[in-house]
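Coordinate analysis (summary)
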There are 2 protein chains.
Amino acid sequence: MDSDTEAIPADIDIARNAERRAIESVGADLGLAAADLERRGNEVAKLTWDAIHREMDQPADGNLVLVTAMTPTRRGAGKTVTTVGLGQAFGRLDERSVVAIREPSLGPVFGIKGGAAGGGYSQVLPMEEINLHFTGDIHAVTSAHNLVSAMVDAHRHHGNELGIDPDRVVWPRVLDMNDRALRETVAGLGGTASGPPREDGFSITAASELMAVLCLATDVSDLRERVSRIIVAYDTDGDPVTVADLDVAGSVASLLKDALRPNLVQTIEGTPAFVHGGPFANIATGTNSILADKLGLRLGDYVVTEAGFGADLGAEKFVDVVSREGVEPDATVIVATVDALQKHGGIEDDESDPMAALRAGFANLDHHVEVLQSMGLPVVVAVNRFPDDSDAEIREVLDHCEEQNVPAAVSTVHADGGAGGTDVARLVKGEVESGDGELQRVYDLDASLPEKIRAVATRVYGADDVEFTSGARDDIERIEAQGLDDMPVCISKTPSSLSDDPGKIGVPEDWTLTVTELSPSAGAGFVVVLTGDVLTMPGLPSDPAAAHIDIDEDGSIHGLF
Amino acid sequence: MDSDTEAIPADIDIARNAERRAIESVGADLGLAAADLERRGNEVAKLTWDAIHREMDQPADGNLVLVTAMTPTRRGAGKTVTTVGLGQAFGRLDERSVVAIREPSLGPVFGIKGGAAGGGYSQVLPMEEINLHFTGDIHAVTSAHNLVSAMVDAHRHHGNELGIDPDRVVWPRVLDMNDRALRETVAGLGGTASGPPREDGFSITAASELMAVLCLATDVSDLRERVSRIIVAYDTDGDPVTVADLDVAGSVASLLKDALRPNLVQTIEGTPAFVHGGPFANIATGTNSILADKLGLRLGDYVVTEAGFGADLGAEKFVDVVSREGVEPDATVIVATVDALQKHGGIEDDESDPMAALRAGFANLDHHVEVLQSMGLPVVVAVNRFPDDSDAEIREVLDHCEEQNVPAAVSTVHADGGAGGTDVARLVKGEVESGDGELQRVYDLDASLPEKIRAVATRVYGADDVEFTSGARDDIERIEAQGLDDMPVCISKTPSSLSDDPGKIGVPEDWTLTVTELSPSAGAGFVVVLTGDVLTMPGLPSDPAAAHIDIDEDGSIHGLF
């Protein structure tokens, strides 16, 4: 089980040296014909609409495995690598396995986080393409989003017949870049030819409601319908102005029509993988497209997919938002790390006893396990082993899980590929095969907005209560008046703590969640609930990844990780 | 020769009903193997680097036909449709023919001009894809450009070690959208976390120097080298800050590596066509990538390509800028229309006699012909016939050309496809086969900047002299001090008149060109010369094309034209 991960080569070198199958061969593993695949190079394809429609008419016989995590640290839990590795592991168990993950954003690729295509011997390929423009889906969202923005200001410029209130435009512009200077801007300067001016700002494309729409829509009609409903501003009477009011739902849907089709690639072990869509995990669902999941469940036995952040955020949203659109997890995997356990056990306060900190950190893990169990979901803990974890530490985690009667195994998929994930995969398979659970959502849609939020806060986050600022109460009143309060809630909260205070570790007690703002994502179909500042446009660090990426004469890229 | 073009179906319907060959079959016409093509769907491919390098080692035996125009009107001369139709016509003359044109920008697609893939029975296919995201080249330029912008502001945020002067950042941000509200902005607002603020603005992506670089670079090394040299700002001492200084030349080149490879598609008659790159025609070269031209000259007998605006702008830049990179036209085609001749003959002043106006307009056409002849280039006039042109009007134009001893023929390629262009193609072929001309550039590179500008102004535009504002004189001094004055000049002037006043028709006399600003595009390799305001970010009209585009349940797009 021990492995020397420090000695393994850089991700891009592993990727470049991997054997790669033509994408038609990968598709054939899933029963797809060459004609079902629209090639984008030799190793990437978009499914054709014919294939998508045909498969969607089939029963969804596969099992959905949702990979989530305990409260993560800055180092990261390794959820994506676990998802990819687990997909490979199911292949080694002779299951027809499919991985489904998000598309990486260029922001983190050039910023601080690096690429997002897994790592080590559990990656999706071709990693350079996936991490750079890939099939252009994110660029399509950027274009479609900014067309709507341009229409808002052009409408105001040409007389503002709809009466758009310049102070209540709720549709920022977007770029797929970490660019803090664009967070708050003034646009429309330079006189009447370019005006009128207004306060404006940019989010990163992943934060666009269009990205959420893309990930929840199941066909072109559904996409167009959702796009139409998106609220971009309010008029001077306070009534919503939608994309439909601006007459561009058709153009937006046209720009997104190819982006809506899932992208098929392969893992480093040749396992079929859908890499499709990339919404934020706080103000949106934080998981890949539902169309990728749905197709995977029709094409494969096991679909391994990932939700953003910890189980309190990503998994809760999967259960309360995504699953209402027709995909339910058959089992969940919680990724735990010694690093995260020690952090949540207070190692920063008490560096003298890492083992005591580790043990104290179990509370956080157990909380996430219990949350998922309360949703009726089978849970397996995957202990993602890092090179500096000791055997004793790993043993302690496994023993704890055994005491708690929670299936747990070590995962070394980064160093060992699928072989490092078969123990976890076997446990998941056991849970799925013996599974008779019924999904229990945290709230019903007909509950009031405060009731829905309170249910998540108390039952998932462990808060005592919820407070609403007066602004939040006004928002609730307005959303009720608009008749949009029957949507699920999508709560934005810090991922670094179960509470709303990123500094609080473990399982914080005696705290109240403060809701500051609510806004309807009427196209995506949920109400975004803010519990403090949410940063929708990251910045570049002083020494960004962008300064270390280079390209050879022959087109080989270096420094991408 | 007469044809009822009013009755022909909409471009998108013609396109949708056209027979389409698999792209491998199109490539085979040029001697390309399937392995030379990286598919992007069934009808689009990027050439592989292996194929590009192999072909570039071959001699350039083909003939380059440059399509340009007399001074155009708002209606447009039909240069793209003529270029595509002429490519088809050479095919009908049993020549191995290749079309090379620019990639359409989304700005005009959703704005006022519509798509840019030709029209009627002389289009490139698949028109929906080409007009929307196509292979993502323009999106790649947008991303690469904005990465540099983000680095500029991140550098300032993190201490500004390079001493960038916030008032002298010469690198705007870009979007591929018509969005006037972004012309002049203030960025970096919201306090120290997002600052420091500065005046900023956006251009449309086609105006990015990176687009010009992409269209002039011949391989990845050349691309990276040019990117490195780009000046993005000046420091507080007035010294240039380059992309290399920001350490992102490698990342930028990585983002552009696939965009650099030409895209192969087909015309509606199956003629191979490169659709690649799309720079502005005033502050840049206004023609497709040089790599597309160079490959076409190695793969085909005739490459028909297009330069932006009239011969004073696009063709002059082709001769003085592009051709110095190693492609020379073997013949030129000037597109003339009855509409443009009448406008330049003053029909708006004297509506009573269209025929007199037509005759008076010949002076403008003759000027463009003489300019091209003075460059040693064979010229053929293609009279692009519109449905409302009378036989007498067309006859008058042909008679005039005959008197002037200039080969001329009617083109009806919009209505008739390649068959409508064979008369012009035969004349071009005759000129090429009898051709013994030597290309005469307008100036030598070792002339001073004022001498180069004066040569173009007097010999091409017909100005008496050139005046420089004091700002322009300062710019010249600075560029000379930087040692960048040995580059060719790329003059931005209104396309609507031979002079710098868009209201002046015909061949304006007794006028002086006023140069207001010069700036080095050190990566592209030319000095941009402004002669008045240049709009690098268009706006959406009050009833934009975006409001009329829609999509069916089955993904068919309507209203794209």
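This structure is a prediction, so every number in the text was calculated from the model and none was measured.

1. Structural notes on the overall build of chain A
Across its full length, chain A holds 19 helices and 26 strands. Against the 2.2 N^0.38 benchmark of 24 Å for 561 residues, chain A shows a C-alpha radius of gyration of 23 Å, consistent with a compact globule. Evaluated residue by residue, chain A yields a buried proportion of 65% over its 561 residues. Taking as baseline every contact in chain A between residues at least 6 positions apart, the subset at least 24 positions apart corresponds to 74%. Accessible surface for chain A amounts to roughly 18,600 Å². Of this, 43% is attributable to carbon and sulfur atoms. In chain A, which carries 43 positive and 95 negative side-chain charges, the distance between the mean positions of the two groups comes to 3 Å.

2. A look at the packing of helix α8 (residues 209-216) of chain B against helix α9 (residues 220-229) of chain B
Residue and element names in this part refer to chain B. Contact geometry for α8 and α9: axes closest at 9 Å, N-to-C directions at 150°. Relative to α9, the element α8 lies roughly antiparallel. The way α8 lies across α9 gives a crossing that is right-handed. Contacts between α8 and α9 involve Leu210, Val213, Leu214 and Leu216 from the first element and Asp222, Leu223, Arg226 and Val227 from the second. When the residues that make up the contact of α8 with α9 are grouped by side-chain class, the tally is six nonpolar, no polar and two charged.

3. Looking at the sheet that holds strand β21 (residues 489-492) of chain B
Residues and elements named next belong to chain B. An order of β21-β24-β23 is seen for the three strands of this open sheet, with the pairing classed as mixed. On the outer flanks of this sheet lie β21 and β23 (517-521), each paired with one strand and no other. Direction aside, neighbouring strands of the sheet carry axes that sit 25° apart on average. Two strands pair when backbone bridges link them, and β21 and strand β24 (residues 526-530) are joined in this way by four bridges, in the parallel orientation. Residue pairing across strands places Val489 opposite Val527, the latter belonging to β24.

4. Digging into the packing of aromatic side chains
All names here are of chain A. Under the defined criterion, the tally for this structure stands at three aromatic pairs over all chains. Centre to centre, the rings of Phe90 and Tyr302 are 4.2 Å apart; their planes meet at 10°, and the pair counts as stacked. With Phe90 in helix α4 (residues 79-92) and Tyr302 in strand β16 (residues 302-306), this pair connects stretches of sequence that are 212 residues apart. Judged by relative accessible area, which is 0%, Phe90 ranks as buried. Residue classification places Tyr302 among the buried positions, given a relative accessible area of 3%. A cation over an aromatic ring shows up here: Arg478 above the ring of Tyr234, its NZ or CZ 5.0 Å from the ring centre.

5. Here we look at the relation of the copies chain B and chain A
Relative to chain A, chain B is turned by 180° and slid 0.0 Å along the rotation axis, the superposed coordinates differing by an RMSD of 0.0 Å. Such a combination of rotation and displacement between the chain copies is what one expects of a two-fold axis. Minimal C-alpha distance to the rotation axis in chain B is attained by Arg40 of chain B, lying at 2.2 Å. Comparing interface residues between copies, 100% of those in chain B also lie at the interface in chain A; the contact surface is shared.

6. Here's the deal with the pairing of strand β24 (residues 526-530) of chain A
Residues and elements named next belong to chain A. β24 sits mainly inside the fold: five of its five residues count as buried. Going residue by residue along β24, you find Phe526, Val528 and Leu530 tucked away on one face and Val527 and Val529 tucked away on the opposite face as well. Both strand β23 (residues 517-521) and β24 contribute to a ladder of five bridges, which runs antiparallel. Paired with Ser519 across the bridge in β24 is Val528. The hairpin formed by β23 and β24 contains four residues between the paired strands, and Gly525 there has a positive phi angle of roughly 100°.

7. Concerning the interface of chain B and chain A
Across the contact, 65 residues belong to chain B and 65 residues belong to chain A. At the boundary of chain B with chain A, total buried surface from both sides reaches about 5,500 Å², with 63% on carbon and sulfur atoms. It is His133, Arg180 and Ile551 of chain B that lose the most area in chain B upon contact with chain A, and together they represent 10% of the buried surface on that side. For the pair chain B and chain A, the number of links is six salt bridges. At the boundary of chain B with chain A, the tally comes to 27 residue pairs in polar contact (both at pLDDT 80 or more). Only β1 (37-39), α5 (106-110), α7 (137-157), β8 (173-175), β9 (185-187), α9, α10 (249-256) and β25 (550-551) of chain B provide two or more residues apiece to the side of chain B that touches chain A. The greatest single-element share of the side of chain B that touches chain A, amounting to 10 residues, is contributed by α7 of chain B. By residue class, the composition of the side of chain B that touches chain A is 29 nonpolar, 18 polar and 18 charged.

8. A closer look at the domain arrangement of chain A
All names here are of chain A. Split into domains, chain A comes out as domain 1 (11-136 + 259-434), domain 2 (137-254) and domain 3 (449-530). Distance between the C-alpha centres of domain 1 and domain 3: 27 Å. Counting residues at the interface gives 24 residues for domain 1, matched by 22 residues for domain 3. Counting the surface lost from both domain 1 and domain 3, the interface buries some 1,800 Å², and carbon and sulfur atoms represent 66% of this. Three residues, Ile283, Asp312 and His367, lead the burial of domain 1 against domain 3; their summed loss comes to 26% of the area buried on that side.

Reading guide: rules and limits
- Residues numbered from 1 in each chain as written.
- Chains lettered and ligands numbered in written order.
- Predicted model: local features only at pLDDT ≥ 70, side-chain atom pairs only at ≥ 80, totals over all residues.
- Heavy atoms only, no water.
- Helix = DSSP H or I, 4+ residues; strand = E, 2+ residues; numbered from the N terminus.
- Rg over C-alpha atoms; globule rule 2.2 N^0.38 Å.
- Buried < 20%, exposed > 50% of the residue type's maximum accessible area, 1.4 Å probe, protein only.
- Contact = heavy atoms within 4.5 Å.
- Areas by Shrake-Rupley, 256 points an atom, 1.4 Å probe, with all protein chains shown as cover.
- Lys, Arg positive; Asp, Glu negative; His and termini not counted.
- Charge placed at Lys NZ, Arg CZ, Asp CG, Glu CD.
- Axes fitted to C-alpha atoms, helices over the stretch in contact; angles between N-to-C directions.
- Parallel < 35°, antiparallel > 145°, perpendicular 65-115°, else oblique.
- Left-handed = near helix turned anticlockwise from the far one by under 90°.
- Nonpolar A, V, L, I, M, F, W, Y, C, P; charged D, E, K, R; others polar.
- Pairing = 2+ DSSP bridges.
- Phe/Tyr/Trp six-rings, centres within 6.5 Å; stacked < 30°, edge-to-face > 60°.
- Lys NZ or Arg CZ within 6 Å of the ring centre and 35° of its normal.
- Least-squares fit on C-alpha atoms with pLDDT ≥ 70 in both.
- Buried area = accessible area lost by both parts, 1.4 Å probe.
- Salt bridge = Lys/Arg side-chain N within 4 Å of Asp/Glu carboxyl O.
- Polar contact = N/O pair within 3.5 Å; in protein donor to acceptor, adjacent residues only side chain to side chain.
- Domains from an automatic or database assignment.

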